[in-house]
Amino acid sequence: MSAPRLEVDLEKIRHNASALVSKLGGHGISVTGVTKACLGEPRVAKTLLAAGVKGLGDSRIENIEAMRRAGIAAPMTLIRSPMPSQAARVVAHADISFNTELDVIAALSSAARRAGKRHGVVLMVEMGDLREGIMPGDLQDTVRAALRFPNIDLKGIGTNLACQSGVSPDTRNMSELSRLADLLDADFGLVTRVVSGGNSSNLKWALSGEKAGRVNDLRLGESILLGLDPLDRLPIEGLYTDAISLVAEVIETKTKPFRPWGTIAQAAFGGTPLSANDGSASRTILALGRQDIDPLGLTAEPGIRVLGASSDHLVVDAGTCHVTAGSEMTFQLNYSALLRAMTSPFVTKTYSLPAGQGAFESRRAPGPRSSEEPHQWH
Ligand SMILES: *Cc1c(COP(=O)(O)O)cnc(C)c1O
């Protein structure tokens, strides 16, 4: 098989998604499955839908278009504020978009009118993480103005935390979001049917037993794909953390000194990786680089250590593992490494069911599969 490649286990992704759908369902919260980390891959999207997500969310209209081309008719939300230059594409393919600017909503309304359609809008509210969002004090005026656009349906409000500044979702900011929803409904009638509380970093709050209040949807990507809580990057109980792995191929393996020699200046990506150790060790090179992954986001198998990477070479200490040119090594990825691997044209993507074994086999989702069998997608 070709290398490097991402091996995506759809059954594990389905398990993770359906576990989160059912846990959150018990708190009155639905799940929007976020597909951006896999570039809107239709096989992943169909897997999420089979697991019971209410709709799909992606930050790029190109990914939404790819899912539509694959025949996916589920509700889709563009979870990044649209570029005005893409307004026509957004209303053509996304049912709803997240918005913070009246100028953008105006462009969407015009595009929707030209297309003879209506477009749903969720207004994003700034709750302290300082990425996208309308300041809470400006929300009422924005809603009043948004309600005047002829081809726009206001669907509700949302917020996003823990992305730009690491501000955690908690009782305070989540009840503030609920309070804003109540205020808007009191002023304008039922305008906040959707209260989209946040992303995977909201799970601790949502599952803590804390009241969800008006929050009735979360947008989940990382937790489904990697089984990790982005707040601490620890595994979420009951989820697979190895649904996606990366396989790369060895192109050199030699014993070399720990210490580089010669006049030391900057390396290709800055820094001078000096080792204090004398002696030598096995140094193995894989055909994989920063163009394909974030080297800090790779976890090798036990006994193997990532030493560094340039554009096209990943250097590891293979320890006592016996590898030769042509051997393959498997790595786990964090979100940053996953994004880059999915985006790299040099990394092949493979999608499969587990081969009947895996570290968390006993936790495999029980029950019959839907008629939409991932088998046919090989
Ligand atoms: C990426 C993104 C998400 C999903 O975040 P995860 O941490 O992967 O769950 C949710 N909402 C917005 C606005 C996003 O950009």
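Residues numbered from 1 in each chain as written. Predicted model: local features only at pLDDT ≥ 70, side-chain atom pairs only at ≥ 80, totals over all residues. Heavy atoms only, no water.

Examining helix α1 (residues 10–25)
With 16 residues, α1 extends 22 Å between its outermost C-alpha atoms, agreeing within 8% with the 22 Å of an ideal straight helix rising 1.5 Å per residue. Within α1, twelve of the 16 residues are buried, which leaves it mostly tucked inside the rest of the structure. Inspection of α1 places Leu10, Glu11, Lys12, Ile13, Arg14, His15, Asn16, Ala17, Ala19, Leu20, Val21 and Leu24 among the buried residues, and these make up the whole buried set. Capping the start of α1, Asp9 holds a side-chain oxygen 3.0 Å from the backbone nitrogen of Glu11, two or three residues further along. (Helix = DSSP H or I, 4+ residues; strand = E, 2+ residues; numbered from the N terminus. Expected span 1.5 Å × (residues − 1). Buried < 20%, exposed > 50% of the residue type's maximum accessible area, 1.4 Å probe, protein only. Polar contact = N/O pair within 3.5 Å; in protein donor to acceptor, adjacent residues only side chain to side chain.)

Quick notes on the UniProt feature "domain: Alanine racemase N-terminal" (unreviewed entry) in the chain
As annotated by UniProt and renumbered to match this structure, "domain: Alanine racemase N-terminal" (unreviewed entry) occupies residues 8–224. End-to-end, the C-alpha atoms of residues 8–224 are 12 Å apart, and along that stretch the chain is 41% helix and 18% strand. (UniProt positions renumbered as here; feature names shortened; annotations may be inferred.)

A word on the site of the ligand
Close to the ligand lie 13 residues, the nearest being Lys36, Ser200, Arg219, Gly221 and Glu222. One of the side-chain nitrogen or oxygen atoms of Ser200 is found 2.5 Å away from an oxygen atom of the ligand. For the ligand, whose unbound accessible area comes to 390 Å², protein coverage reaches 94%. (Near = heavy atom within 4 Å. Areas by Shrake-Rupley, 256 points an atom, 1.4 Å probe, with all protein chains shown as cover.)

Observations concerning the domain arrangement of the chain
Domain boundaries in the chain define domain 1 (9–233) and domain 2 (244–346). Taken together, the contact pairs eight residues of domain 1 with eight residues of domain 2. Both faces combined, the contact of domain 1 with domain 2 buries some 800 Å², and carbon together with sulfur accounts for 74% of it. Sorting the residues of domain 1 by area buried against domain 2 places Ala37, Leu39 and Leu226 first, and these three jointly supply 53% of that buried surface. (Domains from an automatic or database assignment. Contact = heavy atoms within 4.5 Å. Buried area = accessible area lost by both parts, 1.4 Å probe.)

Details of the pattern of salt bridges
Two side chains carrying opposite charge are able to pair once their charged atoms lie near each other. Counted according to the given criterion, the structure contains 19 salt bridges. The partner of Glu176 in a salt bridge is Arg179, with the nearest N and O atoms 3.0 Å apart. Remark: Arg179 and Glu176 occur in helix α7 (residues 171–188); sequence separation between them is three residues, near one turn of the helix. Taking the relative accessible area as the measure of exposure, Arg179 reaches 43% and is therefore partly exposed. For Asp229, the salt bridge identified is with Lys204, shortest N-O distance 2.8 Å. Placement of the pair is Asp229 in strand β10 (residues 228–229) and Lys204 in helix α8 (residues 203–206), with a sequence separation of 25 residues. Linked through salt bridges whose partners overlap, the residues forming this network are Arg5, Glu7 and Glu328. (Salt bridge = Lys/Arg side-chain N within 4 Å of Asp/Glu carboxyl O.)

Things to note about the pairing of strand β16 (residues 313–317)
For β16, the tally of buried residues reaches four of five residues, placing the bulk of the element in the interior. Inspection of the sheet shows strand β13 (residues 280–287) paired to β16 by five bridges, in the antiparallel sense. By the bridge assignment, Leu286 is partnered in β16 with Leu314. Looking at chain direction, strand β15 (residues 305–309) and β16 are connected through four bridges and run antiparallel. In the strand pairing of β16, Ala309 is matched with Leu314. Connecting β15 to the next strand, β16, in antiparallel fashion are three residues. (Pairing = 2+ DSSP bridges.)

Here's the deal with the packing of α1 against helix α2 (residues 42–50)
Where α1 contacts α2, the axes come no closer than 8 Å and their chain directions differ by 40°. Classified by the angle between their axes, α1 and α2 sit oblique to one another. For the crossing formed where α1 meets α2, the hand is right-handed. Counted together, Leu10, Ile13, Arg14 and Ala17 of α1 and Arg43, Val44, Thr47, Leu48 and Ala50 of α2 form the full contact between these two elements. Partitioned by chemical class, the residues of the contact of α1 with α2 number six nonpolar, one polar and two charged. (Axes fitted to C-alpha atoms, helices over the stretch in contact; angles between N-to-C directions. Parallel < 35°, antiparallel > 145°, perpendicular 65-115°, else oblique. Left-handed = near helix turned anticlockwise from the far one by under 90°. Nonpolar A, V, L, I, M, F, W, Y, C, P; charged D, E, K, R; others polar.)

Observations concerning the packing of helix α6 (residues 139–146) against α7
At their nearest, the axes of α6 and α7 sit 11 Å apart, and the two run at 45° to each other. As summarised for this structure, α6 and α7 are arranged oblique, according to the angle between their axes. The hand of the α6/α7 crossing is right-handed. Facing Leu139, Gln140, Val143 and Arg144 of α6, the residues of α7 in contact are Leu180, Leu184, Asp187 and Phe188. Of the residues assigned to the contact of α6 with α7, the class counts are five nonpolar, one polar and two charged.

Description of the nonpolar core
Core analysis: the largest hydrophobic core is formed by 94 residues, its most contacted members being Ile157 and Leu333. The greatest single-element share of this core, amounting to seven residues, is contributed by α1. Shared between two domains, this core holds at least three residues of each, these being domain 1 (9–233) and domain 2 (244–346). Setting aside anything within four residues of it in sequence, one finds Ile157 in contact with Val122, Leu123, Val125, Leu139, Leu177, Leu180, Ala181, Leu184, Thr192, Val194, Val195 and Ser196. One finds Ile79, Phe98, Val122 and Val194 within the second-largest nonpolar core, a separate group that totals seven residues. (Core = buried A, V, L, I, M, F, W, Y, C linked by side-chain atoms within 4.5 Å.)

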